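# Descriptive structure summary
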Amino acid sequence: TLNLRMKAHSDNALELALWLKEQPSVNNVFYAGLPEHPQHELAKKQQSHFGGVLSFEVKGGQEGAWAVIDSTRMLSITANLGDTKTTITHPATTTHGRVAQEARLKAGITAGLVRVACGIEDIEDIKRDLSFGLSQL
């Protein structure tokens, strides 16, 4: 079932990235499936889909990111990737928490960055779960 799951992860991530771009509380969306991503052309050459992981930067820095993450009810707050259920995390204080701030910023890991690893749930459920937190910013 890996092929089916990877297609579902990728399809959800692309639709979520497009939706996030339209949200007023989102400053930036980072996903190789978006034409404006600096590695988009390379990703198109190397893979048939763009994967299920994306990140986005919200207004309000760490406080804003935590508000979005804390408002979710369906998404699992964890740094795991590749699960069938969608996960969400704050890289600056989890996966990259021990990295020096200067190095994090150089890598684009700001205080307002949120990472989502899309699962295979219905995309409307994922968007609905993120909507409340985003609307509070």
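Above: the structure in question.
Notes on the structure follow. (Residues numbered from 1 in each chain as written. Predicted model: local features only at pLDDT ≥ 70, side-chain atom pairs only at ≥ 80, totals over all residues. Heavy atoms only, no water.)

### Quick notes on the packing of aromatic side chains
Under the criterion given, the structure shown has 1 aromatic pair. Consider the rings of Tyr31 and Phe50, whose centres lie 6.5 Å apart with planes at 70°: the pair is edge-to-face. Here Tyr31 is found in the loop between β1 (26–30) and α2 (40–46), whereas its partner Phe50 is found in the loop between α2 and β2 (53–58), with 19 residues between them in sequence. Tyr31 gets classed as buried once you look at its relative accessible area, which sits at 2%. (Phe/Tyr/Trp six-rings, centres within 6.5 Å; stacked < 30°, edge-to-face > 60°. Helix = DSSP H or I, 4+ residues; strand = E, 2+ residues; numbered from the N terminus. Buried < 20%, exposed > 50% of the residue type's maximum accessible area, 1.4 Å probe, protein only.)

### Considering the side chain of Arg104
Summarising the element assignment, Arg104 is placed in helix α4 (residues 101–106). Notably, Arg104 is buried but unbridged: the nearest opposite-charge side chain belongs to Glu57, and the N-O separation is 11 Å. (Lys, Arg positive; Asp, Glu negative; His and termini not counted. Salt bridge = Lys/Arg side-chain N within 4 Å of Asp/Glu carboxyl O.)

### Description of helix α5 (residues 123–135)
Taking 1.5 Å per residue, 13 residues should reach 18 Å; α5 reaches 18 Å between its end C-alpha atoms and fits that length. Within the span of α5, buried status applies to Ile123, Ile126, Lys127, Asp129, Leu130, Gly133 and Leu134. Packing partners of the buried residues in α5 comprise α1 (2–21), β1, β2, α3 (61–71) and β4 (87–89). Of the residues flanking the start of α5, the one acting as N-cap is Asp122, its side-chain oxygen 2.8 Å from the backbone nitrogen of Glu124. (Expected span 1.5 Å × (residues − 1). Contact = heavy atoms within 4.5 Å. Polar contact = N/O pair within 3.5 Å; in protein donor to acceptor, adjacent residues only side chain to side chain.)

### A few points about the packing of α3 against α5
Between α3 and α5, the shortest axis-to-axis distance is 8 Å and the interhelical angle comes to 145°. By crossing handedness, the relation of α3 to α5 is classed as right-handed. Touching Ala67, Val68 and Ser71 of α3 are Asp129, Leu130, Phe132, Gly133 and Leu134, all from α5. Taken together, the residues that form the contact of α3 with α5 break down as 5 nonpolar, 2 polar and 1 charged. (Axes fitted to C-alpha atoms, helices over the stretch in contact; angles between N-to-C directions. Left-handed = near helix turned anticlockwise from the far one by under 90°. Nonpolar A, V, L, I, M, F, W, Y, C, P; charged D, E, K, R; others polar.)

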